[in-house]
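Chain by chain, the residues run as shown.
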Amino acid sequence: MSEELLNLTLHVWRQDGPNDAGRFETHQANGISTHMSFLEMLDVVNEDLIERDKSPIAFDHDCREGICGSCGMVVNGVAHGPQKLTTVCQLHMRQFDDGHEVWLEPWRASGFPVVKDLVVDRSALDRIIQAGGYISIRTGSASEANEMPIAKAIADQAMDAAECIGCGACVAACPNASASLFTAAKISHLSLLPQGQAERQDRARTMVAQMDAEGFGGCTNHGECEAACPKGVSLQWIARMNRELVRSMVRSDSGTKSGRR
Amino acid sequence: MQLRSNEPTGPIEHRWEKHKESSKLVAPANRRKHTVIVVGSGLAGGAAAASLGEMGYNVKCFCYQDSPRRAHSIAAQGGINAAKNYQNDGDSVYRLFYDTVKGGDFRSRESNVYRLAQLSVNIIDQAVAQGVPFAREYGGLLANRSFGGAQVSRTFYARGQTGQQLLLGAYQALCRQIEEGTVEMMPRTEMLDLIVHDGRARGIVTRCMKTGKISPHIADMVVLCTGGYGNVFYLSTNAKGCNCMAVWRAHRHGAAFANPCYTQIHPTCIPQSGSYQSKLTLMSESLRNDGRVWVPRKKEDVTKRPEDIPEEDRYYYLEERYPAFGNLVPRDVASRNALYVTSEGLGVGLEVDGERRGVYLDFSDAINRLGEETIRERYGNLFDMYERIAGDSPYKTPMRIYPATHYTMGGLWVDYNLQTTIPGLFSGGEANFSDHGANRLGASALMQGLADGYFVLPFTVGNYLGEVRTLPPLDENHADVTRAVRAVEERIHKLMNAPEPKHAPEYFHRKLGRIIWTKCGMSRNKEGLEEALREIPKLRDQFWREVKIVGSGAELNQTLERAGRVADFFELGELMCIDALQREESCGGHFREEYEENGEALRDDERFSHVSAWEWTGNPGEPRLHKEPLTFEYVKPSKRSYK
Ligand SMILES: Cc1cc2nc3c(=O)[nH]c(=O)nc-3n(C[C@H](O)[C@H](O)[C@H](O)COP(=O)(O)OP(=O)(O)OC[C@H]3O[C@@H](n4cnc5c(N)ncnc54)[C@H](O)[C@@H]3O)c2cc1C
Ligand code: SF4
Ligand code: FES
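The structure displayed is predicted, hence computed values, not measured ones. Per chain, residue numbering runs from 1 following the sequence as it is written. Written order determines the labels here, with chains lettered from A and ligands numbered from 1. With pLDDT at 70 or above as the cut-off, local features in this predicted model cover only qualifying residues; side-chain atom pairs require 80 or more to be listed or tallied, and sums for whole chains, interfaces and linings still use all residues. Side-chain measures here rest on the full set of heavy atoms in the structure, leaving out hydrogens and waters.

**Some words on the site of ligand 2**
Whether a residue is near a molecule or strand depends on its heavy atoms: it is near if one of them lies within 4 Å of it. The immediate surroundings of ligand 2 are formed by Cys164(A), Ile165(A), Gly166(A), Cys167(A), Gly168(A), Ala169(A), Cys170(A), Leu181(A), Phe182(A), Cys229(A), Pro230(A) and Val233(A). Per the convention used, a helix needs a DSSP run of H or I reaching at least four residues, while a strand needs a run of E reaching at least two, with both numbered from the N terminus. Breaking the shell around ligand 2 down by element, the ones donating at least two residues are helix 4 (169-173) and helix 5 (180-192) of chain A.

Below is the structure:
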């Protein structure tokens, strides 16, 4: 619980809009308590910038408890910063030493155009889900929930895959800027469950096609995504996605949804 | 203003069915012709937008985050109640109804609560069919736990992320409709005002948060599912962006605001560590099952290491004061007692603004009794989260906890159809004054949000549209629309051009929060509330004079976004204090120090068995009060006692 105060030098990526070239700007963050969260440190810097008539650093955040997936930036070259299994909003300043230099950059990927400073446009991830990351069930037409028992081990595995918060760190960490881990997590969550079987045929194909169309790269097994993922989403899902993909290619002549991409 | 609850009569178990049978419908072919605006993509808004789109309406859905999947519903940890009676422990729709009315301290509408309990079972069916990975037993059936002191196990959960999984279910259903083209989703788009035409809600004015563009959106009706207003306290367990702008703008156009003083303070949150603190993190209530709450008996011990304080010098105040319930007293009792001991100078932990606001939650007895492994199994994730934030390991030293604002029971007044006092304006989820009365039971907000979104709104929206049939078209150049757009632009201009700009909006928000927290928080009294009512207008004037926003309105400008929200919190905060002052009784989350008996809340059913619905008059200090009387045909009001 002991508190120390840190003085840090921040090198922050500043970019006025998607078409601006962008540059690093250096700011001093002095008297930072080790109990602060990383984003609170940025709040303090921003309030000071405002008082001095300077434009505050834009960054995305909302829940600040590691679950909404809004926050995300590259801290000293690492997506979400140095602490394993931790979003940048849950990162605390006790992970840093006095006198540290800290480099802050947005997620960099062609699928994520920069909006401003550290804020990027991640709507491509939504469009991947729209391409088939759901189970079609009309509201009110569901049958009694306990009619279909699901083995605990399967339900637990589906939950493991469903932990993804859609932050995009996996894309930012990947040398190919691939969104495979994100896409695979959803495909796996749904294909593991009996409810997800009816649409299993198409799902992997349409979602992967959308991922490619958004300009994300392919997976060449670097594994950086898993290392950066704050929720511990496992690489094994990518292998599973590839199996699903083969399966849907083989059978794609049967029962293709009309009008699907 | 007329408050007509429009609840059906007759036996309570048939009211919803009866209501549905007598409601108007819109033929499938005609639905496409109706545009419905849904503001909010949380459990309530996401579920409503997806269901309405699926039914064939032309839906436009808005949220302020960059994706609908990030609404604050995502953060709910504990679970969702449903009267499935899977555990065969005597649960039923009636029992859930009874518990909710009683838990709400007899300040909610019986018909609504009964419907909520009925619909709870459909929610679980729907979520499971969507692939929500709820916890299961080894036999493959759904698992349940008992939550928040309930005598039955009716809570469904998905690890510690129930809200996340339920929201992703609704989000995926929404994505399906976006793909189908029935829902147009507009993320990063903030509603800044309501468009009212001919006495009906006909649209909204928004600001694109990426470009600053102000646009009107016209529709046949508007549904607000914009969440709670807990951030009026500045520090709360809500997400940073949660705000009251949408409901407050609606209020200023004539929507009555009900019971604003009913707010819930959760007892187990991680305490503030400094004045820079931006939000508070909830630690699950389940911790109180095994943790013992204490503070030092002597003031001189508060800075000692807890391990160094001998047993006889520890004050287990909940166990001593409430021997029957001990550490498991309800949320409000636990919270209030933490306040009392810390105001006596017995608080522990870091000193912030001259006070130590923390109490110990000690697991050492439980670890000795059950072993560290068992405790790790039960609370491992929570302990890790605590250590990440507070820097201490609860396996080795007691946790420090303190109450924080968690939920707001008050909100827009709605009738049985969830329609506000403005025709064509509906509200669901935490944004409405809800089914929780003066106090919400654990695991029932998710239930209410989804009941509203999946099952009530899709139906009552159709009823409204079936009744009005075709509304005259409203042109974007109509004076009612251009006036609303102009008002938004002028407000932004005013915020950006304060006469003596000095401080960022947070500076004022923190001060406002401090006033509300100390004077209209866990424990309230006349004197404090009157003081708050003198302080708030002064601070508000200073805000409009000195708020400082750098940059322009025509770009992503997060300071401007926050300033607009803080401005509305000032007016809502004032209304909360007015409401709290007027309600001369203690009930649920509203505790007036003058109305208590041996430390227990003293309700006054004779004078206050009503909903207080406030009408905007143009002057935030002088709202007009309307009362909706509450009658209890099924659950007879009784007194709570936890001694
Ligand atoms: C930490 C935490 C834990 C909780 N745990 C539980 C639990 O275990 N069980 C339980 O039952 N309840 C729990 N609750 C309460 C519950 O989560 C909420 O009450 C519920 O999820 C609210 O859902 P909603 O749909 O009404 O609002 P939200 O999910 O808050 O959604 C609001 C939506 O409105 C949008 N919005 C708001 N203003 C605007 C605007 N001006 N313009 C455009 N869009 C706007 C937002 O973008 C968002 O999409 C918890 C709450 C918190 C804070
Ligand atoms: S897989 Fe992990 S890193 Fe990728 S979006 Fe999901 S949570 Fe973020
Ligand atoms: S702000 Fe929500 S995950 Fe970081």
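**Quick word on the pairing of strand 16 (residues 359-362) of chain B**
Residue and element names in this part refer to chain B. Accessible area is worked out with a 1.4 Å probe on protein chains only. A residue is then buried under 20% of its type maximum, exposed over 50%, and partly exposed in between. Burial along strand 16 is two-sided: the face carrying Val359 and Leu361 and the face carrying Tyr360 and Asp362 are both buried. Sheet topology note: the strand 12 (residues 292-296)/strand 16 ladder contains three bridges and is antiparallel. When the bridges of strand 16 are listed, Val293 appears paired with Leu361. Whether two strands pair depends on DSSP finding at least two bridges between them.

**Structural notes on the nonpolar core**
Residues and elements named next belong to chain B. Here, the term nonpolar core denotes a set of buried Ala, Val, Leu, Ile, Met, Phe, Trp, Tyr and Cys residues that are joined through side-chain atoms within 4.5 Å. Counting 129 residues, the largest nonpolar core has Ile80 and Phe134 as the members making the most contacts within it. Element by element, the count of residues in this core is highest for helix 12 (residues 445-468), at 13 residues. Contact definition: two residues touch when any of their heavy atoms are within 4.5 Å. Beyond its immediate sequence surroundings of up to four residues, Ile80 is in contact with Ile123, Ile124, Phe134, Arg154, Thr155, Phe156, Thr162, Leu166, Ala443, Leu446, Met447 and Leu450. Counting residues in each nonpolar core, the second largest holds 112 residues, with Ala532, Phe569, Leu581 and Trp614 among its members.

**A word on the domain arrangement of chain A**
Residue and element names in this part refer to chain A. Residue ranges assigned to the domains are those given by an automatic or database domain assignment. Entries for chain A in the domain assignment read domain 1 (5-115) and domain 2 (122-259). Each of domain 1 and domain 2 has a C-alpha centre, and these two points are 30 Å apart. Residue-level contacts link 19 residues of domain 1 with 20 residues of domain 2. Together, Leu85, Trp107 and Phe112 form the three largest contributors to the area buried by domain 1 at its contact with domain 2, with a combined 34%. In this description, buried area is defined as the sum, over both parts, of the accessible area (probe of 1.4 Å) that is lost when the two are combined.

**Examining the site of ligand 1**
Residues and elements named next belong to chain B. The local shell around ligand 1 holds 38 residues, among which Gln65, Ser73, Gly78, Glu430 and Leu446 are the closest. Polar contact is the term for a pair of N or O atoms within 3.5 Å; when the atoms are in protein, one must be able to donate a hydrogen and the other to accept it, and sequence-neighboring residues count only if both atoms are side-chain atoms. Measuring from a nitrogen atom of ligand 1, one finds a backbone N or O atom of Gly79 at 2.9 Å. Here Leu446 contributes a backbone N or O atom positioned 2.8 Å from an oxygen atom of ligand 1. Isolated, ligand 1 exposes 1,000 Å² of accessible area, and the fraction of that covered by the protein chains is 97%. Put simply, the parts of the chain that give the shell around ligand 1 at least two residues each are helix 3 (43-55), strand 6 (189-197), strand 17 (399-408) and helix 12. The biggest single contributor to the shell around ligand 1 is strand 6, with three residues. Polar here means any residue outside two lists: the nonpolar Ala, Val, Leu, Ile, Met, Phe, Trp, Tyr, Cys and Pro, and the charged Asp, Glu, Lys and Arg; Gly therefore counts as polar. Class assignment of the residues belonging to the shell around ligand 1 gives a composition of 17 nonpolar, 18 polar and three charged. For the area figures, the Shrake-Rupley method with a 1.4 Å probe applies, and any residue is considered shielded solely by the protein chains shown.

**Re the pattern of salt bridges**
All names here are of chain B. Think of a salt bridge as a Lys or Arg side-chain nitrogen and an Asp or Glu carboxyl oxygen that are within 4 Å of each other. Scanning the entire structure with this criterion turns up 73 salt bridges over all chains. Of the charged contacts in the structure, one is a salt bridge between Asp125 and Lys84, with a shortest N-O distance of 2.6 Å. Remark: Lys84 occurs in the loop between strand 3 (80-81) and helix 4 (93-103) and Asp125 occurs in helix 5 (residues 110-130); sequence separation between them is 41 residues. Of the residues examined, Lys84 reaches a relative accessible area of 13% and is grouped as buried. A salt bridge links Lys519 to Glu531, with the nearest nitrogen and oxygen atoms 3.0 Å apart. Taken together, the residues span a long stretch of sequence, with Lys519 in helix 14 (residues 505-519) and Glu531 in helix 15 (residues 526-546) at a distance of twelve residues.

**Re the packing of helix 14 of chain B against helix 15 of chain B**
Helix packing for two helices is described by the angle between their axes and how far apart those axes are. All names here are of chain B. Every axis corresponds to a line fitted to the C-alpha atoms, with the helix fit spanning only the stretch in contact, and the corresponding angles, defined between N-to-C directions, vary from 0 to 180 degrees. In contact at an axis separation of 10 Å, helix 14 and helix 15 are set at 175° when each is read in the N-to-C sense. Accordingly, the angle class assigned to the pair helix 14 and helix 15 is roughly antiparallel. Where helix 14 approaches helix 15, its residues Tyr507, Phe508, Lys511, Leu512, Ile515, Ile516 and Lys519 are matched on the opposing element by Gly528, Leu529, Glu531, Ala532, Glu535, Ile536, Leu539, Gln542, Phe543 and Glu546. Looking at the contact of helix 14 with helix 15, its residues break down into ten nonpolar, two polar and five charged. What sets the label is the angle itself: under 35 degrees gives roughly parallel, over 145 gives roughly antiparallel, 65 to 115 gives roughly perpendicular, and the rest give oblique.

**As for the side chain of Glu110(B)**
Residue and element names in this part refer to chain B. Structurally, Glu110 can be placed in helix 5. We count Lys and Arg on the positive side and Asp and Glu on the negative side, and we leave His and both chain ends out. Among buried Asp, Glu, Lys and Arg side chains, Glu110 stands out as unpaired, with Arg15 the closest opposite charge at 5.5 Å. Leaving out residues up to four positions away in the same chain, Glu110 has contacts with Ile12, Phe97, Thr631, Phe632, Glu633, Tyr634 and Val635.

**Brief notes about the domain arrangement of chain B**
All names here are of chain B. Domain annotation for chain B reports domain 1 (12-264 + 407-468), domain 2 (265-405) and domain 3 (479-605). Taken together, the contact pairs 16 residues of domain 1 with 16 residues of domain 2. There are zero salt bridges connecting domain 1 and domain 2. Inspection of the region where domain 1 meets domain 2 yields six residue pairs in polar contact (both at pLDDT 80 or more). For the side of domain 1 that touches domain 2, the residue count by class is five nonpolar, nine polar and two charged.

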